[in-house]
Amino acid sequence: MSHIVTEFGIQDALQQLGIKALNDGTSTGSENFGSGDIIASYSPVDGALIGKVKTTTKADYGKVMVQATDAFKTWRTTPAPQRGEIVRQFGEKLRELKEPLGKLVSYEMGKSYQEGLGEVQEMIDICDFAVGLSRQLHGLTMHSERPGHRMYEQYHPLGVVGIISAFNFPVAVWAWNTALAWICGDVCIWKPSEKVPLCGIACQHIAAQVFKANNLPEGISCLINGDYKVGEFMTQDPRVPLISATGSVRMGKIVAQVVASRLGKSLLELGGNNAIIVTPDADIKMTIIGAVFGAVGTAGQRCTSTRRLIIHESIYDTVKEALVRAYNQLKIGNPLDENNHVGPLIDTDAVALYENALRKVQEEGGTLLVEGGVLKGEGYESGCYVKPAIAEARNNFKIVQHETFAPVLYLLKYSGDVTNAIALQNGVDQGLSSAIMTNNLREAETFLSCVGSDCGIANVNIGTSGAEIGGAFGGEKETGGGRESGSDAWKIYMRRQTNTINYTTELPLAQGIKFDL
Ligand code: UN1
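Not measured: the values here are computed from a predicted model.

Each value, and the rule that gives it
Residues numbered from 1 in each chain as written. Predicted model: local features only at pLDDT ≥ 70, side-chain atom pairs only at ≥ 80, totals over all residues. Heavy atoms only, no water. Helix = DSSP H or I, 4+ residues; strand = E, 2+ residues; numbered from the N terminus. Rg over C-alpha atoms; globule rule 2.2 N^0.38 Å. Buried < 20%, exposed > 50% of the residue type's maximum accessible area, 1.4 Å probe, protein only. Contact = heavy atoms within 4.5 Å. Areas by Shrake-Rupley, 256 points an atom, 1.4 Å probe, with all protein chains shown as cover. Domains from an automatic or database assignment. Buried area = accessible area lost by both parts, 1.4 Å probe. Salt bridge = Lys/Arg side-chain N within 4 Å of Asp/Glu carboxyl O. Polar contact = N/O pair within 3.5 Å; in protein donor to acceptor, adjacent residues only side chain to side chain. Nonpolar A, V, L, I, M, F, W, Y, C, P; charged D, E, K, R; others polar. Pairing = 2+ DSSP bridges. Axes fitted to C-alpha atoms, helices over the stretch in contact; angles between N-to-C directions. Right-handed = clockwise from strand over helix to strand, strands pointing away. Core = buried A, V, L, I, M, F, W, Y, C linked by side-chain atoms within 4.5 Å. Phe/Tyr/Trp six-rings, centres within 6.5 Å; stacked < 30°, edge-to-face > 60°. Lys NZ or Arg CZ within 6 Å of the ring centre and 35° of its normal. Patch = residues over 30% accessible without salt bridge, like charges linked within 9 Å, V, L, I, M, F, W, Y side chains within 5 Å.

Colleague: Looking at this structure, I do not really get the overall build of the protein. What am I missing?
Modeller: Check the secondary structure of the protein and you find 16 helices and 23 strands. Relative to the 2.2 N^0.38 estimate, which gives 24 Å for 517 residues, the radius of gyration of the protein is 24 Å and therefore close to what a compact globule would have. Every one of the 517 residues in the protein was classed for burial, and the buried ones make up 57%. Summarising the internal contacts of the protein: among those between residues at least 6 apart in sequence, 73% fall at separations of at least 24. Carbon and sulfur atoms make up 51% of the accessible area of the protein, which amounts to about 21700 Å² in all.

The structure is reproduced here in structure tokens:
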């Protein structure tokens, strides 16, 4: 047993979450969820086997679908505020279990414990948001052109919502979707990333307890496990009207096409290639904090991570030197140890992609300012720890155009006014998050205007990551166009119906058409 498991209380956390500790080759907490091949979950923190999970076969999926569709019959007729009450209880359970769940997120995924707690906090926040929303699922009323007629629209539950989530936010992204879908009257089937299956099982246990305590069917929340083939059970299934998928652009293009071929709806939250523009009017201290957290937080594995810094030539050297100084102070190591800033990448495949990016940027003519490299030796036995790197590059390099899910930051120089920086910022295929650091109102407003950033998220004087749940989250272009979480994102989880009611004894037709019999 790894010392990290004991020293950092992982064992207790697993117990509190109802996940049987093992390393003995049997399945954990997954008895109800599958009879297929077994996937093992290894921690990128210390390389230890945390648990094994049975995957979902096509036959298992069939049973899950029966449970889900049955549960939908009960759930859709439960009044929305009562559904909100269930979500409130789920949020309360998350408050109780914030520490163990945050710890599991940190240990299974590799992000810092603080970020693990932050992720659970996002779940709690979206529950609170959804509770209020459960009394506000309102449509509009319109005036009818016909006398004695009333016209309005209302929103009804959609049915079974399929959620496919990525490893980097193993619990929060599911919660953004499921908390809203639940209050909307939908039931959910979730396929978490096969890299973090125990986080999925922990969440399923929490949800199941709440449903049981309220005599509700567990089918309101279903979990399936496995790789993309298991995801295909849902994307191909016409009984699943909405697929919400988070992950790579490559994955999203496949999901979008499969779902569109059966005219289903998809909500896609795909890759980003996020930049911060640093203008001559930027506060340098704030810039460095925002850029460093954006680039190295979650070891550069957020879809909102800062990948490019677009710096004005007049302050380029100042920013560059301050950044290098800050990078030299970064502590890399066990993410459960709060002294460390940066934890491991998710696995050694991710390490290979990181190394590839460093190689490619040099081949294309870039220069490494902070070299990076894979860490070896005590504490780094998992082989997943890398040093955050900075490279001077150009926006048209192929590798700069590509999202590498690792802590590699590209510095790009611009001259002239802010429109040149905006052109660079927009000059990529992705369109998730963007930011400008400036105290100049003209620059800030130009950046936010319709000729400014083309991203779904555009920030002034904060970094690209760490969006709050209250706003709609998502992006344009290859990021997929979906919006999750706050604002009116709930509408995608419902079907809209327009109703016209005639309370007269006449039957006038619209558009003035006469049809006398
Ligand atoms: C993601 O990386 O898929 O804005 C989600 C952020 C977080 C969510 C990131 N609230 O960085």
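From this point, the narrative continues.
Colleague: Teacher, can you tell me more about the domain arrangement of the protein here?
Modeller: The accessible area lost on association of the parts is a frequent measure of interface size. Segmenting the protein into domains produces domain 1 (3–270 + 483–496) and domain 2 (274–473). The centre of domain 1, based on its C-alpha atoms, is set 30 Å off from the matching centre of domain 2. The partner domain 2 presents 29 residues to the 36 residues of domain 1 that form the contact. Of the roughly 2600 Å² buried at the junction of domain 1 and domain 2 (both faces included), carbon and sulfur atoms supply 63%. The tally of links between domain 1 and domain 2 comes to 2 salt bridges. Residue Lys 195 pairs with Asp 347 through a salt bridge whose shortest N-O separation is 3.4 Å. If you look at where domain 1 meets domain 2, you find 13 residue pairs in polar contact (both at pLDDT 80 or more). The element best represented in the side of domain 1 that touches domain 2 is helix H6 (residues 113–133), accounting for 7 residues. Classifying every residue of the side of domain 1 that touches domain 2 by side-chain character gives 15 nonpolar, 10 polar and 11 charged.

Colleague: I'm lost on the sheet that holds strand S9 (residues 265–269) in this one. Help?
Modeller: Backbone-to-backbone hydrogen bonds pair the strands of a sheet. The strands run either parallel or antiparallel. An order of S7-S6-S5-S8-S9 is seen for the 5 strands of this open sheet, with the pairing classed as parallel. Two strands in the sheet have a free side with no partner beyond their single neighbour: strand S7 (221–223) and S9. Across the sheet, the axes of successive neighbouring strands diverge by a mean angle of 15°, strand direction being ignored. Examined bridge by bridge, strand S5 (residues 160–164) and strand S6 (residues 187–191) share 5 bridges and lie parallel to one another. Bridge assignment links Ile 163 to a residue of S6, and that residue is Trp 190. Against the sheet, helix H8 (residues 197–213) makes contact with S6 and S7, and its axis sits at roughly 155° relative to S7, the strand it touches most.

Colleague: How should I be thinking about the pairing of strand S10 (residues 274–278) in this particular structure?
Modeller: Side chains on a regular strand alternate between the two faces of the sheet. Counting buried positions along S10 gives 5 out of 5 residues, so the element sits mostly inside the fold. As a crossover connection, the stretch from S10 through helix H11 (residues 284–296) into strand S11 (residues 306–312) is right-handed. Where S10 meets strand S18 (residues 433–437), 4 bridges bridge the pair, whose relative direction is parallel. Looking across to S18, one finds that Ala 275 is bridged to Ser 434.

Colleague: How should I be thinking about the nonpolar core in this particular structure?
Modeller: Considering soluble globular proteins, one finds that nonpolar side chains tend to be buried as a cluster. Counting residues in each nonpolar core, the largest one holds 161 residues, and the members touching the most others are Leu 101, Met 123, Trp 182, Ile 189, Leu 323 and Tyr 327. Among the elements that line this core, the one with the most residues is helix H7 (residues 172–183), at 10 residues. Each of two domains, domain 1 (3–270 + 483–496) and domain 2 (274–473), supplies a minimum of three residues to this core. Not counting residues up to four positions away in its chain, the partners in contact with Leu 101 are Leu 17, Leu 94, Val 120, Met 123, Val 171, Ala 202, Cys 203 and Ile 206.

Colleague: When you look at the packing of aromatic side chains in this model, what are you seeing that I'm missing?
Modeller: Counted under the stated rule, the structure contains 11 aromatic pairs. Aromatic pair Tyr 61 and Phe 233: ring centres 5.5 Å apart, planes at 40°, arrangement tilted. Remark: Phe 233 occurs in helix H9 (residues 228–235) and Tyr 61 occurs in helix H3 (residues 58–76); sequence separation between them is 172 residues. An identical accessibility class is assigned to Tyr 61 and Phe 233; each is buried. Note on Trp 75 and Phe 211: the rings are 6.3 Å apart at their centroids and 85° apart in plane angle, and the pair reads as edge-to-face. Taken together, the residues span a long stretch of sequence, with Trp 75 in helix H3 and Phe 211 in helix H8 at a distance of 136 residues. Joined through ring pairs, the aromatic side chains of Trp 75, Phe 90, Trp 174, Trp 182, Trp 190 and Phe 211 make up one cluster. The ring of Phe 169 is capped by Lys 111, whose NZ or CZ atom sits 3.6 Å from the centre of that ring.

Colleague: Explain a nonpolar patch on the surface to me, please; I cannot follow it from the model alone.
Modeller: Taken together, the side chains of Leu 507, Leu 509, Ile 513, Phe 515 and Leu 517 present a nonpolar region at the surface, about 660 Å² in accessible area. Here Leu 509 lies in the segment after strand S23 (494–502).

Colleague: Teacher, can you tell me more about the side chain of Asn 499 here?
Modeller: With respect to the secondary-structure elements, Asn 499 resides in strand S23. Overall, Asn 499 belongs to the buried group, its relative accessible area being 14%. A distance of 3.1 Å separates polar atoms of two side chains, one belonging to Asn 499 and the other to Gln 154. Residues in contact with Asn 499, not counting those within four places in the same chain, are Arg 150, Met 151, Tyr 152 and Gln 154.

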